[in-house]
Structure formats: C-alpha cells, structure tokens
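Now for the letters of each chain:
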Amino acid sequence: MMTNEEMSKRIDLLERKLNREKCARETAEKALEGYSKQAWLTNLNLEEALTNQTKRTRDLEYLIACASVKDPGITLEDLIREFVEISCQFTQCSAASYSLPSPEKPDTNFEYVFLMNDKTWRREPQINAEIQEQLVTSEGQYKNKNWMICPADFKLSFHDNPMNWLYRFHFKVDNNLQAWLCFFSDQPEVEEETIYVLNTSESIFLNNIQKTLIKARLVRRNEELQATVKELQFAQNQLVQSEKMVVLGQLAAGVAHEINNPMSFIKSNLQILTDYIDEIETCQNYLTAKVNEEGTIDSTTYSQALSNIDYQFIMSDTKEILTSAAEGAKRVSEIIRDLKSFTHRGSGDFTLMDLGDCLNSAIKIAQSGLNKNCIIEKHIPELSMIHASNGQLQQVFINLFVNAGDAMAPNGGTIKVIAEETQNSIIIRVSDTGCGMDELTRNKLFTPFFTTKPVGQGTGLGLSVSFAILESHEATIEVETELNVGTTFIVTFPVKNL
Amino acid sequence: MKGVILVKLGEFVESVFDDALWDEMLTEANLPSQGAYTTVSNYDDNEFFQLIDLIKTKKGLPNADIQRAYGEWLFEHLLTLAPEHALIIKDTFSFLHKAQNLIHVEVKKLHPEAIIPNFTFIHQSEQALTMRYQSHRGLCFLCEGIISGLAIKTKEQLSISQSQCVHKGDTECIIEVLKHDDK
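Summarised in this report is the structure supplied together with it. Bear in mind the structure is a predicted one, so any value in this text is a computation, not a measurement.

About the cut-offs
Residues numbered from 1 in each chain as written. Chains lettered and ligands numbered in written order. Predicted model: local features only at pLDDT ≥ 70, side-chain atom pairs only at ≥ 80, totals over all residues. Heavy atoms only, no water. Axes fitted to C-alpha atoms, helices over the stretch in contact; angles between N-to-C directions. Helix = DSSP H or I, 4+ residues; strand = E, 2+ residues; numbered from the N terminus. Parallel < 35°, antiparallel > 145°, perpendicular 65-115°, else oblique. Left-handed = near helix turned anticlockwise from the far one by under 90°. Contact = heavy atoms within 4.5 Å. Nonpolar A, V, L, I, M, F, W, Y, C, P; charged D, E, K, R; others polar. Buried area = accessible area lost by both parts, 1.4 Å probe. Salt bridge = Lys/Arg side-chain N within 4 Å of Asp/Glu carboxyl O. Polar contact = N/O pair within 3.5 Å; in protein donor to acceptor, adjacent residues only side chain to side chain. Pairing = 2+ DSSP bridges.

What follows deals with the packing of helix H5 (residues 92-110) of chain B against helix H6 (residues 140-154) of chain B. Residues and elements named next belong to chain B. Where H5 contacts H6, the two axes come as close as 10 Å, and the packing angle between them is 130°. By the criterion of interaxial angle, the relationship of H5 to H6 is oblique. Taken as a pair, H5 and H6 cross one another with a handedness that is right-handed. Taken together, the residues of H6 that come into contact with H5 (itself represented by Thr92, Phe95 and Leu96) are Ile147, Leu150, Ala151 and Thr154. In terms of residue class, the contact of H5 with H6 is made up of five nonpolar, two polar and no charged.

The structure is reproduced here in structure tokens:
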C-alpha cells in the first residue's frame with residue numbers, strides 16, 4: 001500500500017508526464033498540420049505542373065509533326081494538306097481549307113475542306129465564296145507574322161455549329177503567288193499559348209515549303225542537266241569520230257601510196273601476163289596451122305616454135321608474177337582491214353581485246369604516213385587481254401605515232417614503242433627523238449584546240465580526244481619531255497581479273 | 001538530433017528502470033524542450049548528452065556502458081519503424097554495408113537535414129570486419145550497442161571493440177567486429 005505522500009508524489013509525476021504527453025501531442029499535431037499543408041501545396045503544384053507538362057507535350061508533338069515531313073519526295077500540295085490536318089487538330093478547329101495557286105493555275109481558289117470530326121477531305125466548291133467573304137470582313141484580334149486569328153460569327157454551309165474564330169495564314173509560293181490557309185473554330189476561346197506555338201510552327205512549315213519548292217526546282221534543273229549531258233555525250237562521240245576522220249585524212253596520202261605500190265606492180269605484172277598469153281596464143285596458132293597443113297609436125301618444129309617464144313622463161317616468170325601479185329593483193333587487203341577497224345565507229349563497243357594486236361595494227365597504219373627517215377622500233381611482248389574499244393585505242397596510238405613523227409620532222413628519227421605488263425597494269429611507252437616541248441606547250445597539251453602545228457594542219461583536238469578516250473578506259477596518260485631531246489608518252493591501263 | 005532517438009531513450013529508461021527516474025531526470029535537467037519529445041521533431045544534441053550524463057550520475061554507470069545498452073535495446077525498436085525491404089537481414093556484416101550504402105542514403109533523402117554517421121569498411125574477412133566510424137556527435141559506443149542488437153537479431157556470437165577511439169585521445173574511431181561461430 002502506498003502512503004498518502006507516495007500517492008501524492010505519484011499523482012504529481014503522472015500529471016507531469018501527462019503534461020509532457022499533451023505538449024508533445026500538440027507539437028506533433030502542429031507538425032502534422034504543417035506537413036499536411038505542405039503536401040496539399042505540393043499536390044497543387046504537381047497538378048499544375050502535370051497540366052502544363054501535358055500542354056507542353058501536346059505543343060511539342062504538334063511541332064515535331066510539323067517538322068517531320070514523312071515523304072522526302074512530297075509535293076507542295078500534299079505538304080500543305082499534311083500541315084492543315086495536324087494544325088486543325090492542334091487548334092481544335094472544326095474545319096480547314098487552303099488555296100494554292102500555281103504559275104499554271106494562278107486563279108486556283110479554296111475548293112477542298114478538311115473536316116476534323118471524320119478527319120477527311122471533301123470537295124466543296126461553294127466554300128470559296130464563303131471564305132472570301134470572311135477574309136474580306138474579318139479583323140484580326142491576334143496577329144503574328146503570317147498568322148491572324150479573328151473573332152467571327154458565321155455558319156459554314158456544311159457545318160451545323162456557328163464558327164467563333166477564323167484562323168488565317170498566308171505565304172508566298174512560286175512567282176510571288178500567294179497561298180492561303182483558313183481554319184474555322186467553334187471553340188469559345190483561343191488560348192494565348194496556342195498563338196506562340198503557331199508562331200513557331202509557322203517558321204517550320206515555311207522552311208518545309210521552301211525546301212519543297214527548292215527540291216522541285218532542283219528536280220527540274222536536274223532533268224535539264226541530264227538532257228544537256230546526253231547532248232554533250234552525243235557531241236563528244238561526234239567529236240571523237242571527226243578527229244578520227246581528220247587523222248585518217250592526214251594518213252590518206254601515205255595510205256594511198258602504200259596501196260598504189262602493190263597495185264602498180266600488180267598492174268604491170270598483169271600487162272606482162274597478157275603479153276605472155278599473146279605470145280603463147282601466137283605459138284599455138286602457128287602449131288595448129290602446121291598440123292592442119294601437113295597432118296603432123298615433128299618434134300624439132302614443135303621445140304623450135306616453143307623456143308622462139310622463150311616458153312621456159314615465160315612459164316617460170318608467170319609463176320613469179322602470180323606469187324608477187326598475190327602478195328601485193330594480200331598487202332592491199334591488210335591495209336584495208338586495218339583501216340576498216342580504225343574507222344569503225346565504236347563509242348561503246350568494249351570487247352575483250354589484245355592490246356599488242358591493237359598496237360601492231362596502229363603501227364602499220366601510221367607507218368605509211370610517216371617520213372621515210374622515221375624508224376619505228378617496237379618491243380611488244382604477249383600481254384593480258386583487256387576490256388576496251390579496239391578502234392578507239394588504235395585512234396589514240398596512231399595519234400601518238402603521228403605526233404611523234406611530226407616532232408621529228410623534217411630530219412626523222414626513231415620512235416620507240418615499248419609495252420610492259422606489271423601485276424596490276426599494262427604500261428605503253430611511246431617515245432621520240434624529236435624537238436621536245438617547252439613548259440607552256442606541256443601544260444596545254446591536253447587542252448582542246450591547242451596545237452603547235454601551222455594553221456590548217458592541226459585540229460588541236462588529237463590529244464584532248466585521246467585523253468577522253470583513255471579516261472573512259474580508266475587509263476592514265478603522262479608525259480616526260482625535254483626540249484631538243486625528245487618526248488615520251490606513258491599510257492597505263494589497269495588490268496582487272498577477268 | 002531526430003526526436004525518435006530521444007522518445008526511444010525515454011521508453012528505454014522507463015522499461016529498464018522506471019518512469020520515476022525519467023521524470024526525475026527531465027525535471028532536474030530543465031531542458032528547452034521540457035522533455036515533451038515527438039518523433040517528428042528535431043532537438044538539440046545536448047539534450048541527449050545531458051540525459052545520458054544524468055543516468056550516469058544517478059545510477060553510477062559508465063557513459064560508454066549506458067550508450068551500449070541503449071544501442072542494443074534501440075536496434076530492435078528502430079527495426080519496427082523501418083520499411084519492409086530493410087527488414088531482410090542476412091548477417092551482421094552484410095547489414096552494416098546495407099546500412100551505409102542504402103539505409104543512410106534513403107534517410108538522407110527523406111530528411112535532408114539529418115546528420116548521418118559515416119562507415120568506412122577497412123578490412124573484411126569471413127570472420128572479421130574492421131570499419132571506421134565517423135560522426136561529429138562521437139556516438140561510437142551507441143554504434144557498438146546497435147551492432148550488438150543486430151547480432152542478437154541475426155543470432156550471431158560477436159565480440160565488438162574499438163582499436164582506436166576519439167574518447168581515448170585517438171584521431172578516429174575504428175570498430176572491430178569478430179565472429180565467434182556460425183549461428
């Protein structure tokens with residue numbers, strides 16, 4: 001049992017404890033209230049932040065959609081339609097339309113309407129008059145560069161609700177023609193924020209319009225360029241052929257001489273053969289008359305008659321004459337064959353060919369046109385086959401040989417033609433012991449119409465045409481020259497595994 | 001200091017001794033808070049040290065022993081306030097790492113103003129762990145007690161000592177925890 005004093009002490013203790021507990025509870029409640037208020041404020045802020053964030057997301061999604069043109073080859077009209085669709089959705093408008101005049105159709109007006117509720121385009125020709133009236137009467141409440149947002153009160157023939165706002169936007173297209181976009185809203189308010197976003201989307205959209213216009217211009221320019229390239233290619237082919245004919249003309253005298261020689265001895269041999277046949281015929285007639293007169297002839301008379309026309313000599317000489325004529329005819333036929341392959345027009349006739357054969361043919365053709373004092377020394381080993389145009393390469397080599405001959409005129413000299421094959425290439429060196437070239441000539445060597453020959457003798461196209469031909473064969477040409485010593489042209493062909 | 005430490009100190013004194021001692025201590029100390037502690041408030045560190053000193057004076061116990069005993073008692077009571085995932089305790093060593101790398105980090109997130117002790121693990125083997133205890137409050141003995149309470153929970157036989165201690169004039173407190181056998 002507790003005494004009264006102990007009881008009183010205990011009561012005092014419990015009172016103090018209770019007071020501390022009360023005090024602690026009040027402190028805790030205050031803290032709780034503080035936390036609660038803070039939580040409420042935080043919640044409010046979060047809700048506001050979330051609303052703003054949702055708006056920002058919507059704004060950003062709209063701007064991203066404006067910026068991303070789905071099809072890079074989109075037409076101007078489709079680009080405008082895309083922009084109208086996404087802007088109609090963003091501004092929560094009920095309908096939208098556009099007018100896009102072009103140089104071909106400058107009087108184009110509003111004709112098609114985009115309806116937001118079913119997200120489709122409809123042709124509504126009467127819309128033009130309705131929009132034109134609004135464009136004239138409406139006055140902007142919000143204006144931003146090209147955008148204007150006007151309060152309105154009108155009904156569209158194809159829509160039930162009256163429209164409260166008209167959003168209009170205009171911009172320049174080709175030839176300073178003005179395009180228009182119109183959006184119709186039945187919303188009671190326009191959010192100020194929307195206007196800022198439209199301002200940004202405007203720049204993006206106009207940028208896309210510019211890109212599309214530039215692209216269309218580029219496509220047109222590209223088509224023109226392609227046509228020009230085709231014409232140039234045709235002209236180049238003509239030029240190559242013309243140059244070939246010029247070289248052929250220069251060679252004609254030599255070739256004629258080359259053909260004349262065998263032809264003249266064939267002709268004189270034929271004359272001799274005719275004489276021989278006449279003599280044999282005379283002898284034959286004499287012997288026939290003798291047989292008719294005497295019934296027979298003796299061997300002495302027969303031998304005497306043959307001896308009189310020197311029959312033995314005629315027979316042996318006839319064999320020689322025929323062999324010689326056959327050789328002459330063969331020579332003429334060879335010259336004609338080489339010329340034929342050279343003059344053959346071959347811009348694209350790349351075939352598998354032997355560069356050594358081509359060089360030998362070119363040497364044969366060129367040789368006849370060269371000065372008699374010009375000697376051609378050649379070292380042409382067996383070479384790998386390459387894909388090339390025989391006629392074009394003959395033209396290049398003949399040109400080099402003719403130039404070498406001209407460089408050594410009038411005294412003549414030696415032209416060396418040396419072919420060599422490495423692992424990846426075939427190298428042809430054509431060198432002469434002529435006058436060589438100075439720096440100026442060397443620098444202009446491949447320039448069209450540059451020539452060192454007297455007026456009327458050189459076209460100035462030979463090496464430039466050769467350069468173009470070699471380029472089309474992926475071959476390179478280099479020059480080593482020394483004044484009064486000589487010049488070497490080095491042509492390198494790539495060898496590909498066939 | 002977080003109010004929970006002082007609220008729990010009151011509960012500890014009342015349960016180990018009696019409520020008369022706690023009342024006597026608070027009356028005598030005449031603290032700014034008057035001992036009306038709540039877990040949601042913060043209090044001056046000195047109130048805690050004054051109360052520990054009063055237990056020492058009144059019961060003739062060394063300060064270190066009081067803190068160790070309170071720490072051991074406190075661990076289990078703090079555990080009831082912890083979130084569920086913090087209650088998974090594999091063993092003492094891994095929980096000490098968890099306390100430093102997870103619990104202290106989360107407490108700091110919830111209460112940025114809280115002053116948290118820092119543990120640096122210097123050496124660890126299967127049987128022994130050496131860690132540096134850093135706190136400007138110097139409650140290394142309380143920490144020893146909490147580790148001891150943790151060992152009770154994990155049913156591990158541990159010996160906990162300090163090879164260096166700021167209360168002995170050292171520059172830092174190094175706590176050595178040694179496992180005697182498996183649980």
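With that out of the way, let us pick up the interface of chain B and chain A. At the junction of the two partners, chain B supplies 14 residues and chain A supplies eleven residues. Of the roughly 960 Å² buried between chain B and chain A, counting both surfaces, carbon and sulfur atoms make up 54%. Applying the counting criterion to the chain B and chain A interface returns five salt bridges. Ionic pairing is found between B:Asp19 and A:Arg10, a salt bridge with its closest N-O pair at 2.9 Å. There are five residue pairs in polar contact (both at pLDDT 80 or more) connecting chain B and chain A. Ranked by residue count, the leading element in the side of chain B that touches chain A is helix H2 (residues 19-29) of chain B, at six residues. A breakdown of the residues in the side of chain B that touches chain A according to their chemical character gives six nonpolar, five polar and three charged.

Attention shifts here to the sheet that holds strand E1 (residues 118-124) of chain B. All names here are of chain B. Here we have four strands laid out as an open sheet, ordered E1-E2-E4-E3, and antiparallel in their pairing. Each end of this open sheet is capped by a strand with a single partner; those strands are E1 and strand E3 (157-164). With direction set aside, neighbouring strand axes in the sheet form an average angle of 25°. Sheet topology note: the E3/strand E4 (residues 173-181) ladder contains seven bridges and is antiparallel. From the neighbouring strand, Ile160 faces E4, where its bridge partner is Val177. Where H5 meets the sheet, its contacts fall on E1, strand E2 (128-134), E3 and E4, and the angle it forms with E1 comes to roughly 145°. Along the sheet face, H6 touches E1, E2, E3 and E4 and points at about 165° away from the line of E3.

We now examine the sheet that holds strand E9 (residues 374-379) of chain A. In a beta sheet, neighbouring strands are held together by backbone hydrogen bonds and run either parallel or antiparallel to one another. Residues and elements named next belong to chain A. Ordered in space as E9-E11-E12-E14-E13, the five strands form an open sheet in which the pairing is mixed. Both outer strands of the open sheet, E9 and strand E13 (476-482), are each paired with one neighbouring strand and no more. Direction aside, neighbouring strands of the sheet carry axes that sit 15° apart on average. Lying on the sheet, helix H8 (residues 390-408) is in contact with E9, strand E11 (413-421), strand E12 (425-432) and strand E14 (486-494); it crosses E11 at an angle near 145°.

Residue and element names in this part refer to chain A. Cis peptide bonds are those with omega within 30 degrees of zero, and the linkage from Ala409 to Pro410 qualifies with 0°. Summarising the element assignment, Pro410 is placed in the loop between H8 and E11. Positive phi, normally seen in glycine, also occurs at Glu474, with a value near 60°. Here Glu474 shows up in the loop between helix H10 (462-472) and E13.

Residue and element names in this part refer to chain B. It is at 11 Å that the axes of helix H1 (residues 3-16) and helix H3 (residues 45-59) come closest, and there the two elements cross at 15°. Relative to H3, the element H1 lies roughly parallel. Viewed along their axes, H1 and H3 form a crossing whose handedness is left-handed. Here Ile5, Leu6, Leu9 and Val13 of H1 come into contact with H3, specifically with Glu47, Phe48, Leu51, Ile52 and Ile55. Class assignment of the residues belonging to the contact of H1 with H3 gives a composition of eight nonpolar, no polar and one charged.

That is the geometry; function is a separate question.
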